[in-house]
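# Breakdown of the fold
Listed here are the chains, written in short residue letters.
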Amino acid sequence: MTNITLIGTGTIGLSFCQLHLSRSATDRITVCDPRADLDSFLSGSEQVSAALREGRVRIARSLEEACSLATDIVQEQGPENEAFKTRLWPRVEALVRPDCLLWSSTSGIPASVQGAGMASPGRLVVVHPFNPPSIMPLIEVVPSPATPEELVRRAVEYFEAVGHRPVVLRKETVGFVANRLAFVLLREAVHLVDEGVVSVEDVDAIVENSIGLRWSVKGPFASYHDGGGRGGLAAFLANIGGTIQSVWDDAGVVNFARDGHDGASWLDKVVKQTGDAYGPVRDESLEYRDRATRRVLEVVRDEKGKASRTE
Ligand SMILES: NC(=O)c1ccc[n+]([C@@H]2O[C@H](COP(=O)([O-])OP(=O)(O)OC[C@H]3O[C@@H](n4cnc5c(N)ncnc54)[C@H](O)[C@@H]3O)[C@@H](O)[C@H]2O)c1
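Calculation notes
- Residues numbered from 1 in each chain as written.
- Predicted model: local features only at pLDDT ≥ 70, side-chain atom pairs only at ≥ 80, totals over all residues.
- Heavy atoms only, no water.
- Disulfide = S-S within 2.5 Å.
- Buried < 20%, exposed > 50% of the residue type's maximum accessible area, 1.4 Å probe, protein only.
- Near = heavy atom within 4 Å.
- Polar contact = N/O pair within 3.5 Å; in protein donor to acceptor, adjacent residues only side chain to side chain.
- Areas by Shrake-Rupley, 256 points an atom, 1.4 Å probe, with all protein chains shown as cover.
- Helix = DSSP H or I, 4+ residues; strand = E, 2+ residues; numbered from the N terminus.
- Phe/Tyr/Trp six-rings, centres within 6.5 Å; stacked < 30°, edge-to-face > 60°.
- Lys NZ or Arg CZ within 6 Å of the ring centre and 35° of its normal.
- Patch = residues over 30% accessible without salt bridge, like charges linked within 9 Å, V, L, I, M, F, W, Y side chains within 5 Å.
- Salt bridge = Lys/Arg side-chain N within 4 Å of Asp/Glu carboxyl O.
- Lys, Arg positive; Asp, Glu negative; His and termini not counted.
- Contact = heavy atoms within 4.5 Å.
- Core = buried A, V, L, I, M, F, W, Y, C linked by side-chain atoms within 4.5 Å.
- 1 Å grid on protein atoms, 1.4 Å probe; cavity = no way out; pocket = protein on both sides within 12 Å on 5 of 7 lines; lining within 4 Å.
- Points joined across faces, edges and corners; volume = space filled by probe spheres on them.
- Nonpolar A, V, L, I, M, F, W, Y, C, P; charged D, E, K, R; others polar.

In protein chemistry, a disulfide is the covalent bond that joins the sulfur atoms of two cysteines. On inspection of all chains with the given rule, the structure shows zero disulfides. No disulfide involves C17; its sulfur sits 13 Å from that of C32, the nearest cysteine. Judged by its relative accessible area of 0%, C17 falls in the buried class. As a non-bridged cysteine, C100 has C67 as the owner of its nearest cysteine sulfur, 7.4 Å distant.

Our next topic: the site of the ligand. With respect to spatial proximity, 22 residues lie near the ligand, and among them I12, D33, E80, K85 and S107 are the closest. Between E80 and the ligand, the recorded distance is 2.5 Å, taken from a side-chain N or O atom to an oxygen atom. Within the contact set of the ligand, an oxygen atom lies 2.8 Å away from a side-chain nitrogen or oxygen of K85. Starting from 830 Å² of accessible surface for the ligand in isolation, the protein chains cover 71%. The set of elements that each furnish at least two residues to the shell around the ligand consists of α1 (11–21), α5 (82–95) and β6 (124–129).

This model, assessed by the stated rule, comprises six aromatic pairs. Look at Y224 and F236: their rings are 4.6 Å apart centre to centre, the planes differ by 15 degrees, and that puts the pair in the stacked class. Taken together, the residues Y224 in helix α11 (residues 220–227) and F236 in helix α12 (residues 232–250) connect sequence positions twelve residues apart. Overall, F236 belongs to the buried group, its relative accessible area being 13%. Taken together, F16, W103, Y158 and F159 form an aromatic cluster joined through their ring pairs. Geometry around F41 places R35 over its ring, the cationic atom sitting 3.9 Å from the centre.

Together, L185, W215 and Y224 make up an exposed nonpolar region whose accessible area comes to about 260 Å². For L185, the position within the fold is in helix α8 (residues 178–194). The class for L185 is partly exposed, based on a relative accessible area of 36%.

The next point concerns the side chain of R123. Topologically, R123 is positioned in the loop between α6 (111–114) and β6. Among buried Asp, Glu, Lys and Arg side chains, R123 stands out as unpaired, with E93 the closest opposite charge at 4.5 Å. Those residues within four positions of R123 in sequence are excluded, and the remaining contacts are E93, V96, R97, P98, D99, C100, L102, M118 and L151.

Time to look at the nonpolar core. Judged by nonpolar contacts, the single largest core of 29 residues is most densely connected at I29, W103 and F159. The contact partners of W103, leaving out residues within four places of it in the chain, are I73, V74, Q75, E76, W89, L124, V125, V127, A155, Y158 and F159. Counting 17 residues, the second largest nonpolar core, distinct from the first, contains I7, C67, V96 and A111.

With that settled, consider the layout of surface pockets. In this structure, the second largest pocket occupies an estimated 540 Å³ of space. What lines the second largest pocket is a set of 18 residues, among which Q18, P132, L286, R289 and D290 lie closest to the centre. Looking at the lining of the second largest pocket, the elements with two or more residues in it are α1 and α14 (283–310). Broken down by element, the lining of the second largest pocket gets its largest block of residues, seven residues, from α14. Considering only residue class, the lining of the second largest pocket consists of five nonpolar, seven polar and six charged.

Encoded structure:
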């Protein structure tokens, strides 16, 4: 039996709660969040609601209570705010057993920064999910330079056991890796819309019908390796390298407004076009996204299994 404490149960915390519940029927989850609507928010998930009734999920009214229940793992997904996280960890460290695992789901505040005030800062490991973590398999495991390998291994083993795909980043890199890749693509997409080459909807159609589809089956390196025929990636780069370099040279540089520069004239344009194209975000739209993502995952896992059996 594993006791897990979740500090902060908003969008990411609720989804992690669902994921943790799926690992083992004997695991217990304690949630700690000061939001006034906590009970009704948690009950929005049928799975969590049932677990609350069965006593598998408990609500703690204070950090002390949350960390005192023989906790094996404390995982934080409170506000993305450096002051909040750096204040939290020394308090947690003082409340839990020395072997309790300490994880943060932060999108970008490195473990070395969050743990600066801890007696043993190396205990803290970032486990960055992709939203929603109950569905999306990737967990970027990002230790600080002070983290012992054993703690990295235990985070990896835990998420493998829930059927996820942890990937360890060997250096603390701004924004970690998945978002760095996505945001570089977003910059170019904004640039192309701003230049009037395509609309917001066109970009989405292009991605959904080409690289989005391909990359859910094989990542960019494996895909371009295939693209080079028998010569693999080396042949692909030799053939297309000139075009790739021209695109890199021509890539757009759009920025958010900063330092007194009004660099964000693109912002109103892409926000308006997106709103006009899709309207307000509705539950049905998120349900469609999650349903379709689950089915893509099922097919890819099924086909991967078949391919590895025939190798
Ligand atoms: N939303 C995403 O796509 C996403 C993806 C990956 C990682 N993250 C990270 O997960 C974390 C949470 O993001 P979110 O989108 O769930 O935000 P959110 O605003 O939905 O949830 C944050 C929760 O923290 C709670 N909180 C505030 N003060 C607290 C305290 N003192 N103790 C405990 N809980 C407290 C809030 O009441 C809220 O429920 C952030 O660090 C964010 O960077 C978010």
